[in-house]
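An overview of the molecular structure
For reference, the chains in residue letters:
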Amino acid sequence: MSGNGSGHDVNALMALALSRELRDGEIGFIGVGSSGRAHELVTGIPMLAAHLAHGRGIDFDLQIGPLIAPDLERPPASWFDNEIYGWASPALLASDVNMEAFLRGAVSVGFISGAQIDRFGNVNVSKIRGGDGTWKRLGGALALPEHCAFAGRAVLLCDLSERTFVEEVDFVTGFGHRRGETTREDLGLPGGGPALVVTDLATFDFEGGEMRLAALYPGISPGDVEERMGFVPARAPDLTELEPPSEEEAARLASLTLPALPY
Amino acid sequence: MRPKLIEIDEAVGLVRSGSSVALGGATMRRKPMALVRALAASDAADLDLWTWIGSTDVDLLIGAGKVRSVNSAYVGFGAFGLAQTSRRAFADGSVEFRDWSESSLVASFKAGASGLPVALTRALAGTSLADDLGAERVDLPFGGEGLHAVPAARPDFALIHAQSADELGNVRRRRPNRSDDIDHVIAASARALIVSVEEIEETEAIFENRDETLIPGHYVSAVVHAPGGALPTGCDGFYDPDLAQLAAYAEASRTPEGISAFVADLRGARA
């Protein structure tokens, strides 16, 4: 895990901030198709957050790809897919059946990341326009459109960077709250859309469909955050500082060994 | 029922230039790689590929110059990173990539499997994927306002890799199930289905394990015995993804020279 210059473990702070937003009886969906830091963000941090929430007595299940509610007390040693898909769980769904759960609104929270995110929560993971006008391909949409369209709410997990937090995304893989004059209501999107952005320096919520700085990590100023964004976000009137993990929370975090990246 | 068991080159020889070909498996599991390698070394070209989640299958066929377009929700190597040969081809326009989301592509395959020309989806509303796919917003009765109509996938061929089958083409999905794919849907969407398997077993074993039959032989055009036929991707209960082979392929795919040499070696080995 890495630091953000404040002396705190960034992933621990991200997991802590996220864990406070997880509710009893919910199920959160984690995709398995990412690599590198994005993989750590969308798999490791939600697992740590769910583990923290369980420690507070909150009954929050994860769905990991086709696996429903794998036992978080018994994680596999690595993300090597044979181990992940063998993870102790009550069910491994056929993937078309798994998709239907999204479509009928059975996913409470979707955990996603993005190569580009704009102030209205539109997300791009498909392709980036280069300076010469050509497109640079990324992997593809996977189920990101479904997370944004159908989940009760979507949580974006992303390190702050001017290249990521942009005024306008080059390509809309997942619809946020607004693009031009078009809103979720106009489109008939049934899910809640992006509700929370958890970064390495701060968290954001959405007010009136627009991203808003909500809480700063210990020792971080609004200027530190804005310096690493391509747009200036609104600020919540009750902008707070996240309490670092208590001794109990730190111990709880340390008690979970995340599966390692296999490659 | 007539036996369906034939040699791999004979099976792949059914695929003509300009065909649409769906590929089963997903990312690092049960990709029909033996069939893909045979197709890469064949005379077929200008293929329109359909796959739910593409990886080495799509990338190798692009590297071999066989592909005109790709319909998929993703092409990449999962934790191994991006599929570089595919990225180059999509960037320079030599291969058209048609971006789908996971559920809209499932809907498209299911529509094809149901004999319908279109699928309906709510997943693409407001996205650039809808624009690029030419998805049409339609208003329908029974509360169906503002859905997108997208074309049904009805590929000429589907290629899938399974654990076992008998010589009549009854395909068995054996336990343990450690996959994240829609092979049963892709198989049903195609006009002709070619299946490679790890093991050929007696028909009596199929009868005795009928609950594990994924596809009855009636719906199968050809079965090929191809042990290790998913490598370098994994096959549930038989082998894991081969990390060394995957790393070697990802390295070859990184440069045009690397993938050319890989394809030349492949053709040489099959000649």
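Keep in mind that what you see is a predicted model, and the values were worked out from it rather than measured. (Residues numbered from 1 in each chain as written. Chains lettered and ligands numbered in written order. Predicted model: local features only at pLDDT ≥ 70, side-chain atom pairs only at ≥ 80, totals over all residues.)

**Comments concerning the overall build of chain A**
This is how the line gets drawn: Here a helix means four or more residues in a row that DSSP labels H or I, a strand means two or more in a row labelled E, and each is numbered from the N terminus. Throughout, the radius of gyration refers to the C-alpha atoms, and the reference size of a globule is 2.2 Å times the residue count to the power 0.38. We call a residue exposed when 12 or fewer other C-beta atoms sit within 10 Å of its C-beta, buried when the count reaches 20 or more, and partly exposed for counts in between; the C-beta positions come from the backbone. We call two residues in contact if the C-beta atoms placed from their backbones are at most 7 Å apart.
Counting secondary structure elements, chain A contains eight helices and 16 strands. Relative to its length of 263 residues, chain A is compact, with a C-alpha radius of gyration of 18 Å against a globular reference of 18 Å. For chain A, the spread of C-alpha atoms along the three principal axes comes to 45 × 45 × 35 Å. Looking at chain A as a whole, 49% of its 263 residues qualify as buried. At a minimum sequence separation of 6, the contacts of chain A that also span at least 24 residues come to 68%.

**With respect to the overall build of chain B**
Scanning chain B from N- to C-terminus turns up 10 helices and 12 strands. In summary, chain B has a C-alpha radius of gyration of 18 Å against a globular reference of 18 Å for 271 residues, a match within 12%. Overall, chain B is about 50 × 50 × 35 Å in size when its C-alpha atoms are taken along their principal axes. Pairs at least 24 residues apart make up 74% of the contacts formed inside chain B by residues separated by at least 6 positions.

**With respect to the domain arrangement of chain B**
Residue and element names in this part refer to chain B. The cut-off we apply is this: Where each domain begins and ends is defined by an automated method or by a domain database. Each residue is assigned to one class: nonpolar for Ala, Val, Leu, Ile, Met, Phe, Trp, Tyr, Cys and Pro, charged for Asp, Glu, Lys and Arg, and polar for all the others, Gly among them.
Split into domains, chain B comes out as domain 1 (8-114 + 155-270) and domain 2 (118-151). Measuring from the centre of the C-alpha atoms in domain 1 to the corresponding centre in domain 2 gives 28 Å. Counting residues at the interface gives 10 residues for domain 1, matched by 11 residues for domain 2. It is helix α5 (residues 102-113) that contributes the most residues to the side of domain 1 that touches domain 2, six residues altogether. For the side of domain 1 that touches domain 2, the per-class residue count stands at three nonpolar, four polar and three charged.

**Details of the interface of chain A and chain B**
The interface of chain A with chain B comprises 43 residues on the first partner and 44 residues on the second. Elements with a minimum of two residues in the side of chain A that touches chain B: α3 (81-84), α4 (95-103), β9 (135-137) and α5 (144-150) of chain A. Per element, the largest residue contribution to the side of chain A that touches chain B is five residues, and it comes from α4(A). Along the lines of polarity and charge, the residues of the side of chain A that touches chain B split into 22 nonpolar, 15 polar and six charged.

**A word on the packing of helix α2 (residues 36-55) of chain A against helix α8 (residues 247-254) of chain A**
Residues and elements named next belong to chain A. Short version of the rule: Between N-to-C directions, angles cover 0 to 180 degrees, with each direction set by a line fitted to C-alpha atoms, over the stretch in contact for helices. Each angle gets one of four labels, with under 35 degrees taken as roughly parallel, over 145 as roughly antiparallel, 65 to 115 as roughly perpendicular, and the rest as oblique. By the definition used in this description, the sense in which the near helix is turned from the far one sets the handedness, with an anticlockwise turn below a right angle giving left-handed and a clockwise turn giving right-handed.
Packing of α2 against α8 brings their axes to within 9 Å, and their N-to-C directions diverge by 130 degrees. By the criterion of interaxial angle, the relationship of α2 to α8 is oblique. Judged by the sense of rotation from one axis to the other, the crossing of α2 with α8 is right-handed. Contacts from L48, H51, L52 and G55 in α2 reach E249, R252 and L253 in α8. Each residue belonging to the contact of α2 with α8 can be placed in one class, and the counts come to three nonpolar, two polar and two charged.

**A closer look at the nonpolar core**
For clarity, the threshold we go by: By our criterion, buried Ala, Val, Leu, Ile, Met, Phe, Trp, Tyr and Cys residues that link up through C-beta atoms within 7 Å make up a nonpolar core.
Of all hydrophobic cores here, the largest spans 164 residues; its most connected members are A:V155, A:L157, B:L35, B:L61, B:I186 and B:V195. Looking at which element gives the most residues to this core, the answer is α2(A), with 10 residues. The two domains that each donate at least three residues to this core are domain 1 (8-114 + 155-270) and domain 2 (118-151) of chain B. Setting aside its immediate chain neighbours within four residues, B:L61 contacts B:V36, B:L39, B:A40, B:L47, B:L49, B:K66 and B:V67.

**Examining the sheet that holds strand β6 (residues 136-140) of chain B**
Residue and element names in this part refer to chain B. Selection rule: Strand pairing requires that DSSP identify at least two bridges connecting the strands.
Taken together, the three strands give an open sheet; going across it, the order is β5-β7-β6, and neighbouring strands pair in antiparallel fashion. Strands with a single pairing partner mark the edges of an open sheet, and in this sheet they are β5 (118-121) and β6. Averaged over all pairs of adjacent strands, the angle between their axes in this sheet comes to 45 degrees, without regard to strand direction. One ladder, built from four bridges, connects β6 with strand β7 (residues 144-151); its direction is antiparallel. Across the sheet, residue R137 finds its bridge partner in β7, namely H148.

**Focus on the sheet that holds strand β13 (residues 194-198) of chain A**
Residues and elements named next belong to chain A. Taken in spatial order, the 10 strands of this open sheet run β4-β3-β2-β1-β5-β10-β13-β14-β15-β16, and their pairing is mixed. Pairing within the sheet leaves two strands with one partner each, and these edge strands are β4 (91-92) and β16 (234-241). One ladder, built from two bridges, connects strand β2 (residues 61-64) with strand β3 (residues 67-68); its direction is antiparallel. Looking at β3, one finds that I64 is bridged to L67. Most of the contacts of helix α1 (residues 10-19) go to β13, to which it runs at about 155 degrees, and overall it touches β10 (153-157), β13, β14 (202-207) and β15 (210-216). Along the sheet face, α2 touches β1 (27-30), β2, β5 (109-112) and β10 and points at about 155 degrees away from the line of β1.

**Some remarks on unusual backbone geometry**
Between B:R175 and the following residue, B:P176, the backbone shows a cis peptide bond with an omega angle of 5 degrees. In this structure, the amide linkage connecting B:L231 to the following residue, B:P232, adopts the cis form with an omega of 10 degrees. Tracing the backbone through its elements, the reader meets B:P232 in the loop between β12 (222-225) and α9 (243-253). Positive phi, normally seen in glycine, also occurs at A:A69, with a value near 45 degrees. Following the sequence through the fold, A:A69 ends up in the loop between β3 and α3. Unusually for a residue other than glycine, B:R30 sits at a positive phi of about 45 degrees. By the element assignment, B:R30 lies in the loop between β1 (20-26) and α2 (33-40).

**Considering the packing of helix α3 (residues 56-63) of chain B against helix α4 (residues 84-92) of chain B**
The relative placement of two packed helices comes down to the angle between their axes together with the axis-to-axis distance. Residues and elements named next belong to chain B. Relative to each other, α3 and α4 sit at 60 degrees, their axes nearing to 8 Å. The angle between α3 and α4 falls in the class oblique. With respect to the hand of their crossing, α3 and α4 are arranged in left-handed fashion. Two secondary-structure elements touch here, α3 through V58, D59, I62 and G63 and α4 through T85, S86 and A89.

**Focus: α9(B)**
Two residues of an α-helix separated by three or four positions point the same way, owing to the 3.6 residues in each turn. All names here are of chain B. Condition: Each C-beta atom gives one direction from the helix axis, and the arc is the one those directions make.
Taken together, the buried positions of α9 are L246, Y249, A250, A252 and S253. Considered in projection along α9, the buried side chains sweep an arc of 160 degrees and stay on one side of the axis. Check the buried side of α9 and you find it contacts α3, α4 and α10 (256-270).

**Section: the environment of A:E207**
Residue and element names in this part refer to chain A. Inspection of the secondary structure assignment puts E207 in strand β14. E207 sits in the exposed class, given 12 other C-beta atoms within 10 Å. With 40 residues separating them in the primary sequence, E207 and E167 have C-alpha atoms 17 Å apart. Among residues more than four places away in sequence, those in contact with E207 are R212 and A234.

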